[in-house]
Amino acid sequence: MTSVAGPPSSGSRTRRLGADFAAMTSGWMARAVLGVLISVLTARYLRPDEMGRYAFLVWLAGLLPIVLSLGLPTTLTRYTA
């Protein structure tokens, strides 16, 4: 036989919510700090013309998922099958 458990206490729910918030915030902060660090190191060690080329390639890399998500995968799977 199973026993009927009561509703969870609000303290544990608040603690879990706080822990989730802290984990998500710390992950976001770590990504932000690492992004700034990599940008600073890249800008420090590349010449201006190389930095322009790097910025253009990063822009293209950011544009690629947008272009590929505009129906290209669906079209390819539908018409190549």
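Source: prediction; values computed, not measured.

Caption draft 1: View of the overall build of the chain. A tally of helices and strands in the chain yields three helices and zero strands. When the helices and strands of the chain are listed from N to C terminus, the series reads α-α-α. For the chain, with 81 residues in total, the buried portion stands at 1%. For the chain, the computed accessible surface area is about 7,500 Å², with 70% contributed by carbon and sulfur atoms.

Caption draft 2: Structural detail: the side chain of threonine 42. For threonine 42, the location among the structural elements is in helix H1 (residues 10-45). Setting aside residues up to four positions removed in sequence, threonine 42 forms contacts with Met51 and Tyr54.

Caption draft 3: Representation of a nonpolar patch on the surface in the model. A cluster of nonpolar side chains, contributed by Phe56, Leu57, Trp59, Leu60, Leu63, Ile66, Val67 and Leu70, occupies part of the molecular surface with about 790 Å² of accessible area. Within the secondary structure layout, leucine 57 lies in helix H2 (residues 48-68).

The rules we used
- Residues numbered from 1 in each chain as written.
- Predicted model: local features only at pLDDT ≥ 70, side-chain atom pairs only at ≥ 80, totals over all residues.
- Heavy atoms only, no water.
- Helix = DSSP H or I, 4+ residues; strand = E, 2+ residues; numbered from the N terminus.
- Buried < 20%, exposed > 50% of the residue type's maximum accessible area, 1.4 Å probe, protein only.
- Areas by Shrake-Rupley, 256 points an atom, 1.4 Å probe, with all protein chains shown as cover.
- Contact = heavy atoms within 4.5 Å.
- Patch = residues over 30% accessible without salt bridge, like charges linked within 9 Å, V, L, I, M, F, W, Y side chains within 5 Å.
- Salt bridge = Lys/Arg side-chain N within 4 Å of Asp/Glu carboxyl O.

In short, the description is geometric, and any link to function would need to be established separately.
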